[in-house]
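Each chain is listed here by its residues.
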Amino acid sequence: MALRCFPIWVSPQTSHRSPLVGLSEFEARRRRFCLWECSSSASQRAVTAIESDIPYGRELKKSSDEMGLTREAESVTFHRDLSMLPKPLTANSLYSSAGNDSKVRISFQGIPGAYSETAALKAYPNCETVPCEQFEAAFQAVELWLVDKAVLPIENSVGGSIHRNYDLLLRHRLHIVQEVQLPVNHCLLGVPGVKKEDVKCVLSHPQALDQCVNSLNSLGIQRISAKDTATAAQTVSSSGKSDVGAIASVRAANIYGLDILAENIQDDANNVTRFLILAREPMIPRTDRPYKTSIVFSLEEGPGVLFKALAVFALRSINLSKVSSNEKLDTRISNLFRIQEYMT
């Protein structure tokens, strides 16, 4: 039932001959309360007095003399215990949850040791991470109130945008509340006691392997694809083979008991992955800093549709930091354009 709440602010009642000229006795009496009316679509109405403890219609005793030379000493009785009144919100109240992250549960795709988990811990160092098999499951965990937030990789400085995760933003009604920039530190891992010269092949995610081509070629190491970096580390740990290594994070090495044979073996030293923190409710932007806004929308096929969409931002002097598109095989929608703009 949808409720509509609106205040009725009026002044206290005085005498039967109200100084409010033109008001009847009933109207003057009605104006002694501050009321909240909540009306529903079914035309039901509930009225609650919030400024007086006296039921509506019960009159206060007069304190005038018999000759009627003075007014009635009537007044509205306010809440006696002011500590019971709700306190107004402050700027710190709106963001208190960000500092107290010990109770935050964050879902991520993969198993413990994944880069997504590292990004979640960077944003909320004391949070509880919840692994999920698929990105879809990480979204659903938030929607079903199993977790508070989800972390989602959206773009890599070398590999580019992750378009399938943009599509998830279209299918689910979650809000972007934070961004995490995580520098990539690809490590060559092996079982304890192994030297990097002993490693003949490595397991890792295909993108991680592509980002370490030069380093692996210089060592003469064969590349084998795995589901993700953390799974590769787990596989090497369980196999115990000295000639098999993995490319994964420092956290994965600590979790699965592997030695770090080499760090930062990625070809691009400025390799950074951008993650999004998603929640059920949107974040209230503050006024002391600029905020980045991400917009995902679709356009039907037609001449100049993208030009018209971008003109909306240009005419309002909004700078677009990135524009990307992805063709979709759909009979109704030919192109899906994604825009992220920096609003100052």
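Residues numbered from 1 in each chain as written. Predicted model: local features only at pLDDT ≥ 70, side-chain atom pairs only at ≥ 80, totals over all residues. Heavy atoms only, no water.

Describing an aromatic ring pair means giving the distance of the ring centres and the angle of the ring planes. Tallying each qualifying case throughout the model produces 0 aromatic pairs. The side chain of Arg280 reaches across the aromatic face of Trp145, ending 3.6 Å from its centre. (Phe/Tyr/Trp six-rings, centres within 6.5 Å; stacked < 30°, edge-to-face > 60°. Lys NZ or Arg CZ within 6 Å of the ring centre and 35° of its normal.)

Glancing now at the layout of surface pockets. The calculated volume of the second largest pocket comes to roughly 580 Å³. Residue lining of the second largest pocket: 24 residues in total, with Gln109, Phe135, Pro153, His205 and Gln207 positioned closest to the centre. Only α4 (115-123), β6 (149-156), α7 (206-210) and β14 (272-279) provide two or more residues apiece to the lining of the second largest pocket. In the lining of the second largest pocket, the residues fall into 9 nonpolar, 11 polar and 4 charged. Here the lining of the second largest pocket spans two domains, since at least three of its residues come from each of domain 1 (102-183 + 270-280) and domain 2 (186-262). (1 Å grid on protein atoms, 1.4 Å probe; cavity = no way out; pocket = protein on both sides within 12 Å on 5 of 7 lines; lining within 4 Å. Points joined across faces, edges and corners; volume = space filled by probe spheres on them. Helix = DSSP H or I, 4+ residues; strand = E, 2+ residues; numbered from the N terminus. Nonpolar A, V, L, I, M, F, W, Y, C, P; charged D, E, K, R; others polar. Domains from an automatic or database assignment.)

Core analysis: the biggest nonpolar cluster contains 28 residues, and Val202 and Ile247 have the highest contact counts within it. In this structure Ile247 touches His186, Cys187, Val202, Leu203, Ser204, Ala208, Leu209, Cys212, Leu216, Thr229 and Ile265, once residues within four positions along its chain are discounted. Judged by nonpolar contacts, the second largest core, of 19 residues, contains Val104, Ala114, Ala230 and Phe275. (Core = buried A, V, L, I, M, F, W, Y, C linked by side-chain atoms within 4.5 Å. Buried < 20%, exposed > 50% of the residue type's maximum accessible area, 1.4 Å probe, protein only. Contact = heavy atoms within 4.5 Å.)

Pairs can form between side chains of opposite charge once their charged atoms are near each other. This structure, assessed with the given rule, holds 7 salt bridges. For the salt bridge of Arg105 with Glu128, the shortest nitrogen-to-oxygen distance reads 2.7 Å. Here Arg105, found in strand β4 (residues 105-109), pairs with Glu128, found in strand β5 (residues 128-132); they are 23 residues apart in sequence, far enough to count as distant. For Arg105, a relative accessible area of 27% gives the class partly exposed. Residue classification places Glu128 among the partly exposed positions, given a relative accessible area of 41%. The partner of Glu155 in a salt bridge is Arg274, and the shortest N-O contact between them spans 3.1 Å. With a gap of 119 residues between them, Glu155 in strand β6 and Arg274 in strand β14 connect regions that are remote in the sequence. Each of the salt bridges in this network shares a partner with another, and the network as a whole consists of Glu155, Glu179, Arg274, Lys292 and Lys322. (Salt bridge = Lys/Arg side-chain N within 4 Å of Asp/Glu carboxyl O.)

Another aspect to go through is the side chain of Ser249. Considering the arrangement of structural elements, one finds Ser249 in the loop between β12 (244-248) and α10 (250-256). Its relative accessible area of 4% is what places Ser249 among the buried residues. If sequence neighbours within four positions are ignored, Ser249 has contacts with Gly113, Tyr115, Asn185 and Leu189.

Moving on: unusual backbone geometry. Phi at Asn264 takes a positive value of approximately 50°, unusual for a residue other than glycine. Assignment of secondary structure puts Asn264 in the loop between β13 (259-262) and β14. Given the relative accessible area of 47%, Asn264 is considered partly exposed. At Ser317, a residue that is not glycine, the phi angle is positive and equals roughly 55°.

Let's shift gears to helix α5 (residues 135-143). The α-helix winds at 3.6 residues per turn, so residues separated by three or four positions along the chain end up facing the same way. The complete set of buried residues in α5 reads Phe135, Ala138, Phe139, Ala141 and Val142. Along the axis of α5, the buried residues cluster in a sector spanning 155°; they form a single face. Phi turns positive, to about 65°, at Trp145, one or two residues after α5. (Arc of directions from axis to C-beta.)

The predicted model of the chain averages 74 in pLDDT, with 65% of residues at 70 or higher. Below pLDDT 50 for its whole length, residues 1-24 participates in 49 contacts with residues either more than four positions away or in separate chains. Confidence drops under a pLDDT of 50 for residues 328-344, and excluding neighbours within four residues, the segment shows 71 contacts in the predicted structure. (pLDDT = per-residue confidence, 0-100.)

Reading across the sheet, the 5 strands line up as β11-β10-β12-β9-β13 and stay open at both edges, with mixed pairing between neighbours. Because the sheet does not close on itself, it has two edges, and the strands there are β11 (222-225) and β13. This sheet shows a mean twist of 35° between the axes of neighbouring strands, independent of strand direction. Pairing between strand β9 (residues 187-190) and β13: 3 bridges, direction antiparallel. From the neighbouring strand, Leu188 faces β13, where its bridge partner is Ala262. Against the sheet, helix α9 (residues 229-239) makes contact with β9, β10 (201-204) and β12, and its axis sits at roughly 155° relative to β12, the strand it touches most. (Pairing = 2+ DSSP bridges. Axes fitted to C-alpha atoms, helices over the stretch in contact; angles between N-to-C directions.)

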